[in-house]
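# Structural overview for review
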Amino acid sequence: MIKRFLQEVGEYKRDTILTPIFTAAEVVMEVLIPYVTAMIIDQGINAGDMNAVLKYGGLMVIMAFCSLFFGFQAGRHAAAAATGFAKNLRADMYRHIQEFSFSNIDKFSTAGLVTRMTTDVTNVQNAFQMIIRIAVRPPLMLTISVIMCFVISPDLSTIFLVAIAVLAFALIIIMMNAMTTFNVVFTKYDALNASVQENVSAIRVVKAFVREDHENSKFKEAAGNLKKLFVKAESIIAFNNPAMMLVVYGCIIALSWFGAHHVVAKTITTGNLTSMFSYVMSILMSLMMLSMVFVMITLSLASIKRIYEVLIEEPDLKDPAQPVTEVADGSIDFNHVSFAYRQGTGDNVLKDIDLHIHSGETIGILGPTGSGKSTFVSLISRLYDATEGEVCVGGRNVKDYAMETLRDKVSVVLQNNVLFSGTILDNLRWGNPNASEEECIAACRLACADEFIDRMPDGYNTHIEQG
Amino acid sequence: MSTKPKKQKMNKDVLKRILGYMLKNYKWQFLLVVICIIVTAVCTLQSTLFTRTLIDDYITPMLASGSPDYGPLAKRLVQLAGVLLIGVITAYSYNRIMVNISQGTMERLRVDLFTHMESLPIKYFDTHAHGDIMSVYTNDVDTLRQLIGQSIPQVINSTMTIITTFTSMVILNIPLTIVSVCMVMIMLKVSGQLGGRSRGYFISQQKDLGAVNGYIEEMLTGQKVVKVFNHEKKAIEDFDKLNGNLRESANNANKYANIMMPVMANIGNISYVLCAVIGAALALRGYFGLTLGTLVSFLSLNKSFSMPVTQVSNQIASIISAMAGAERVFRMMDEPSEFDEGYVELVRIEEDAQGNITETDRNTGKWAWRHPHKAEGTVTYQRLQGKVNMYNVDFSYDGKKTVLHDISIDAEPGQKIAFVGSTGAGKTTITNLINRFYDIADGKIRYDDININKIRKQDLRRSLGMVLQDTHLFTGTVMENIRYGRLDATDEECMEAAMLARADSFIRRLPNGYNTMLKGDGGNLSQGQRQLLAIARCAVANPPAMILDEATSSIDSRTEKMVQEGMDALMEGRTTFVIAHRLSTVRNSDCIMVLEQGRIIERGTHDELIEKKGRYYQLYTGSQITE
């Protein structure tokens, strides 16, 4: 799964690699600066040496500028890498969704796909940026500090090892619990958004039946349930910070007790103990940051999984390996075709259709609502695949054609008309992107639509919203 | 330039509004959070200060004495453990309470937003892309979660630290405090500058995100069209353009937010050096009674003074993006609701033998208009009949271009009025005026001789059944969808309505009959089946007047005939407005209106109009040929 996501870095590989490098340089500066401040205090101020103060002060200013430069670069590249990653991810998902059949889309629902491509991708983008930018910092700080501790006193350092182990265990438990709840939360969240979407598109029905209150109470209940789940999930996360503090404080107390013994036994100096305390702080600060990164990753893991589900979804309908790109003629053959929307249910909408139409014939299909007329037609342009038997156009099975060729050659006027945002002209050009304005107007005259279009405020350039 | 200060002011108002939202229901909880944060901060301070105490008060004396006594240290450590434990508990408490506050506020925000959306006029939905509206719920509300849950506690925490440190600094040395404060001023100035830039990009990021959201939704809804027209390539191209825009603005927004932290931290470092140099100079000359020991303590305070400022500025990114989101949320909430000045109400009545009307709560199936007269303080009742009159009505969608001219209609109770005419002639628009989806520009519409402006909108709409041009169904069972027409209808009543609409037979053939779940706008039903359901839904409402907008347009002739029978039964004793393309379905109307370019050009019964040999005759004979 991770590998699949790393592919999305694409052309932003350079930024992705540069970010941790610059961050590492920044961390080195950050670790060194306290040494210089110690110099200012020990050799300058405590010694009463103004020159030393100026010398180390100057050095620190230079280092501050270096650190600023590295930090600036790290920030810049991190933004470029993370947003680029998100862009590629969205583009990839979108391309993949374009190949989806209707049953693929139904599986996720339109609202679900929209949330996955926006909210979820934003979550992952933030997590990605966090990982390449901040996640390098704590491990690096942690390693440097632990090494320094071991140099000073391997004995006392075991305290840290125990603490880190305890903390890691606690974090894992917290994360695992939160994950399961968050998965449920996101499903409910989809459902809530779906109901908003339903209301937006059916607002006329809602208003015509005066069902605003009814819809409001339905929504209120759903939002209340969502809240309960969110509270449940986030209260698990709320243990994170206190758990961390508990471990830090435990370390401080243990270090005070055992440290005091060591100092009195003269195995370490007072100065060493003070340094140990400052390393405790920096180790635990890094752990604190790490736990923040964990929270972010936990939150985004659910999103990552949801995105991954979309990416690995196999489109039901696929082009053959060697697609045919020519349609010989307009003949259509149904050879004992049966079709069910849900395979294996036995709910066949079409049963054993055997029909042969010659090129150029006009065929009328009659039957009551739900008898399968639209389904029948959908099979010709391969919006669905036949469950049994085969559908042939121009003497070849529709599965042999490149879908683009097939749909280019089989034109359909659908029952419910969907128009897209844009001008009327834009919508007309759906049929043929290269059509001139004159051709579009001629087509409208043919469809007797020119009359009403002329009466629109801006004629053919009138902007229409969806629906 | 003149617009900039105004924008910032608006931003402040937005923040105020969010805080107001949060505090309204959670005043005490929030106070508790603040207290817990303070306690936690004090406890944390204890742990940092303890190092010095440990060395000065315990280790140094123990080193000096020959036989060290660990008793006092153990006692002190137990004490410290107790204090720190309190800190851990308060830390958990505020984290946990904050979850309640932030999620509770989010819930209220969502519900308020939805409730307000339901009250918006149809015009709002006409003029805003549906995906954009959705984006407010999915993307913009989400950004507020982080603001309330994380940024606000962090800001409070940092503010506490700044206050305590500042106090200690003032006590130690005033000139150095001034230097430190000056540097913090610079930090604030710089963060303001960077933040301002970042904010602009965050706003465009939210906007671009909305655009992407809208585009995806539109393309998915129209997936069938995309596919049959082989439009995938173009759809991908357009998407890439929007996606590129989003990356551009997101990149800039994040860049400025990211460089904030290093810039702040290093100004902090420079502040440290400045204090050290100036302090050393002062201390060596003995000015302001500054000793070297005090200077060392001051320098550590200087660090803990600039750190919280850095932390807060680090939160600015999420605050800014939340502000951008909140602005869009509140913009929608500030859209004016549908205006309703009506005072005539629809009430259930009982009638005694003398024909006297009394109000009742019982479901009598009889309704009346309750007409209060303010001047006399009396109430009169008038039986609901379903009479609709339009007098010289003009209408325009945008206030500029009139789409209906001088429309007059008289529909007596029980009559069937049909509208025919070419697409875009204004047939649907007329029906949308009767139930006040839109308000007329000029003229009068009366329902049972009451001006519809005086009738409460919800009562007016309740008295009018509607089957709309495109059918929308809701997630839920078939039964629930039929019951949508009248929420207190029993299962039997729903089934009767379905039978009347001739929907019963197909429903029974569904896998779970009336309990079959419908999803995604009834996507698993055929277009005709969905329309039959919409008719059943209208039938169960049992209104005295009905509007059928192309209800039969996509039902095949056999089903249409079935529906027609049901419809005729349903129309018995009801005023009905029918819009249909197939003229055969409107033949038996009491009056047929022929519309052209927003005007009624012919009216009369079928026979009269045929005799006239005008436009209707042309349409009728023409359609006979093509059908």
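Residues numbered from 1 in each chain as written. Chains lettered and ligands numbered in written order. Predicted model: local features only at pLDDT ≥ 70, side-chain atom pairs only at ≥ 80, totals over all residues. Heavy atoms only, no water.

### Describing the overall build of chain A
Rules: In this text, helices come from DSSP runs of H or I with a minimum length of four residues, and strands from runs of E with a minimum of two, each type numbered from the N-terminal end. Radius of gyration here is computed from C-alpha atoms only, and the compact-globule reference equals 2.2 Å multiplied by the residue count raised to the power 0.38. Throughout, exposure labels follow a simple rule: accessible area from a 1.4 Å probe, protein chains only, divided by the maximum for the residue type, with under 20% read as buried, over 50% as exposed, and the rest as partly exposed. Between two residues, a contact is recorded if the distance between any of their heavy atoms is within 4.5 Å. To measure how exposed things are, a 1.4 Å probe is used in the Shrake-Rupley method; for residues, cover is taken only from the protein chains shown. By the counting rule applied here, Lys and Arg register as positive and Asp and Glu as negative, while His and the ends of each chain are not counted. Throughout, a charge is located at the NZ atom of Lys, the CZ atom of Arg, the CG atom of Asp or the CD atom of Glu.
Each helix and strand counted, chain A has 16 helices and 6 strands in total. A compact globule built from 467 residues should have a C-alpha radius of gyration of about 23 Å, whereas chain A, at 33 Å, is more than 25% larger. Taken over the C-alpha atoms alone, chain A extends approximately 105 × 55 × 50 Å along its principal axes. In chain A, which comprises 467 residues, the share counted as buried stands at 51%. Sequence-distant contacts in chain A: of pairs separated by 6 or more residues, those separated by 24 or more amount to 76%. Surface exposure of chain A reaches about 21,100 Å², of which carbon and sulfur atoms provide 61%. The distance from the centre of the 37 positive side-chain charges to the centre of the 46 negative ones in chain A is 8 Å.

### Notes on the overall build of chain B
Helix and strand counts for chain B come out as 17 helices and 16 strands. Scaling as 2.2 N^0.38, a compact globule of 627 residues should have a C-alpha radius of gyration of about 25 Å, whereas chain B reaches 36 Å, well beyond that. Counting only C-alpha atoms and orienting by the principal axes, one finds that chain B spans roughly 125 × 60 × 55 Å. Expressed as a percentage of the 627 residues in chain B, the buried residues total 53%. Taking as baseline every contact in chain B between residues at least 6 positions apart, the subset at least 24 positions apart corresponds to 73%. When the accessible surface of chain B is summed, it comes to about 27,400 Å², and 55% of that surface belongs to carbon and sulfur atoms. Once the 69 positive and 65 negative side-chain charges of chain B are each reduced to a mean point, those two points are 9 Å apart.

### Structural notes on the interface of chain A and chain B
As a reminder, the rule being used: Once two parts are brought into contact, the accessible area they lose, counted with a 1.4 Å probe and summed over both, makes up the buried area. Note on definitions: salt bridges are taken to be side-chain nitrogens of Lys or Arg within 4 Å of carboxyl oxygens of Asp or Glu. Identification of polar contacts relies on pairs of N or O atoms within 3.5 Å, with a donor-acceptor requirement for protein atoms, meaning one able to donate a hydrogen and the other able to accept it, and with residues adjacent in sequence counted only if both atoms are side-chain atoms. Classification convention: Asp, Glu, Lys, Arg as charged; Ala, Val, Leu, Ile, Met, Phe, Trp, Tyr, Cys, Pro as nonpolar; all other residues, Gly among them, as polar.
Across the contact, 137 residues belong to chain A and 149 residues belong to chain B. Summing both sides of the interface, chain A and chain B together bury roughly 13,200 Å²; the carbon and sulfur share of this comes to 67%. Here chain A and chain B share 4 salt bridges between them. A salt bridge links D126(B) to R204(A); its shortest N-O distance comes to 3.3 Å. The interface formed by chain A and chain B contains 24 residue pairs in polar contact (both at pLDDT 80 or more). The element best represented in the side of chain A that touches chain B is helix 3 (residues 50-98) of chain A, accounting for 26 residues. Its residues placed into classes, the side of chain A that touches chain B shows 70 nonpolar, 41 polar and 26 charged.

### What about the side chain of H77(A)?
Residues and elements named next belong to chain A. Mapped onto the secondary structure, H77 falls in helix 3. H77 sits in the buried class, given a relative accessible area of 5%. Dropping the residues within four chain positions of it, H77 is found in contact with D15, L18, T19 and F22.

### Re the sheet that holds strand 1 (residues 332-339) of chain A
So the rule is basically this: A pair of strands is considered paired only if DSSP assigns at least 2 bridges between the two.
Taken in spatial order, the 4 strands make up an open sheet running 2-1-3-4 (chain A), and their pairing is antiparallel. Each edge of the open sheet is held by one strand with a lone partner, namely strand 2 (350-357) and strand 4 (396-397) of chain A.

### So, the sheet that holds strand 2 (residues 357-359) of chain B
In a beta sheet, neighbouring strands pair by backbone hydrogen bonds and run either parallel or antiparallel. Residues and elements named next belong to chain B. To be explicit about the condition: Under this scheme, a helix contributes an axis fitted over its contacting stretch, all axes are lines through C-alpha atoms, and angles between N-to-C directions fall in the 0 to 180 degree range.
Strand order in the open sheet formed by 4 strands is 2-1-3-4, and the pairing between neighbours is antiparallel. The sheet is open, and its two borders are formed by strand 2 and strand 4 (378-383), each paired with just one other strand. The mean angle between the axes of side-by-side strands here comes to 50 degrees, regardless of whether they run parallel or antiparallel. Both strand 1 (residues 345-351) and strand 3 (residues 367-373) contribute to a ladder of 4 bridges, which runs antiparallel. Residue pairing across strands places E345 opposite R370, the latter belonging to strand 3.

### Let's talk about the environment of R96(B)
Relative to the assigned elements, R96(B) resides in helix 2 (residues 71-119). Using a relative accessible area of 24% as the deciding quantity, one classes R96(B) as partly exposed. Distance from R96(B) to V33(B), taken between C-alpha atoms, is 9.3 Å for residues 63 residues apart in sequence. Not counting the four nearest positions on each side in its chain, R96(B) is found in contact with V231(A), S235(A) and A238(A).

### Overview of unusual backbone geometry
All names here are of chain B. Of note, R502 is a non-glycine position whose phi angle comes to about 60 degrees, a positive value. Tracing the backbone through its elements, the reader meets R502 in the loop between helix 12 (491-500) and helix 13 (504-509). For R502, a relative accessible area of 27% translates into the label partly exposed.

### Considering the nonpolar core
One recurring pattern in soluble globular proteins: nonpolar side chains tend to sit buried together. What counts, and what does not: Residues grouped as a nonpolar core are buried Ala, Val, Leu, Ile, Met, Phe, Trp, Tyr and Cys residues, joined through side-chain atoms within 4.5 Å.
Core analysis: the biggest nonpolar cluster contains 188 residues, and F182(A), Y447(B), I482(B) and I507(B) have the highest contact counts within it. It is helix 2 of chain B that provides the largest number of residues to this core, a total of 16 residues. If we skip the residues at most four places from it in the chain, I507(B) touches V478(B), I482(B), A498(B), G513(B), Y514(B) and L533(B). Core analysis: the second largest hydrophobic core is formed by 47 residues, A52(A), M169(B), Y272(B) and C275(B) among them.

### A few points about the confidence of the model for chain A
Heads up, the condition is: Per-residue confidence from the predictor is reported as pLDDT, which spans 0 to 100.
Chain-level pLDDT for chain A is 80 on average; 92% of the residues reach the 70-or-more range. Mean pLDDT values over the elements of chain A span from 69, in strand 6 (residues 463-464) of chain A, up to 90, in helix 9 (residues 212-237) of chain A.

### So, the pattern of salt bridges
Residue and element names in this part refer to chain B. What the rule picks out here adds up to 29 salt bridges over all chains. Across the pair D488 and R348 runs a salt bridge whose closest N-O atoms are separated by 3.8 Å. Placement of D488 in the loop between helix 11 (478-483) and helix 12 and of R348 in strand 1 is noted, with a sequence separation of 140 residues between them. The exposure class assigned to D488 is partly exposed, which follows from its relative accessible area of 45%.

### Describing the domain arrangement of chain A
Quite often, the size of an interface is put as the accessible area lost when its parts meet. Quick reminder of the rule: Marked domain ranges trace back to an automatic or database domain assignment.
When its domains are assigned, chain A resolves into domain 1 (2-312), domain 2 (332-409) and domain 3 (422-464). A straight line from the C-alpha centre of domain 1 of chain A to that of domain 2 of chain A covers 53 Å.

### A look at the confidence of the model for chain B
Residues and elements named next belong to chain B. When pLDDT is averaged along chain B, the result is 82; 91% of the residues meet or exceed 70. Considering each helix and strand of chain B separately, the mean pLDDT is smallest for helix 17 (residues 615-626), with a value of 65, and largest for helix 2, with 91. This stretch, residues 1-9, has a pLDDT under 50; its non-local contacts, to residues over four places away or in other chains, come to 1 contact. For the stretch residues 623-627, pLDDT sits under 50, and the model shows 3 contacts to residues farther than four places along the chain or on other chains. Among the prediction metrics, the complex's ipTM stands at 0.78, with pTM recorded as 0.74.

### Concerning the packing of helix 5 (residues 110-133) of chain A against helix 5 (residues 174-221) of chain B
We apply this condition: To sort the angles, those under 35 degrees are grouped as roughly parallel, those over 145 as roughly antiparallel, those from 65 to 115 as roughly perpendicular, and the leftovers as oblique. Take the far helix as the reference: if the near one is turned anticlockwise from it by less than a right angle, the crossing is left-handed, and if turned clockwise, right-handed.
Between helix 5 of chain A and helix 5 of chain B, the least distance of the axes is 9 Å, while the angle of their chain directions is 155 degrees. Here helix 5 of chain B runs roughly antiparallel to helix 5 of chain A, going by the angle between their axes. Read as a crossing pair, helix 5 of chain A and helix 5 of chain B show a hand that is right-handed. On helix 5 of chain B, the residues touching T110(A), L113(A), V114(A), M117(A), T118(A) and T122(A) of helix 5 of chain A are L209(B), N213(B), I216(B), E217(B) and L220(B). Here the residues of the contact of helix 5 of chain A with helix 5 of chain B sort into 6 nonpolar, 4 polar and 1 charged.

### Quick notes on helix 10 (residues 240-264) of chain A
Residue and element names in this part refer to chain A. Going by this rule: One less than the residue count of a helix, multiplied by 1.5 Å, gives the span that helix is expected to have.
In this model helix 10 runs 36 Å from its N-terminal to its C-terminal C-alpha over 25 residues, within 8% of the 36 Å that 1.5 Å per residue would give. With 19 of 25 residues buried, helix 10 lies mostly within the body of the structure. Downstream of helix 10 by one or two residues, K266 has phi in the positive range, about 60 degrees.

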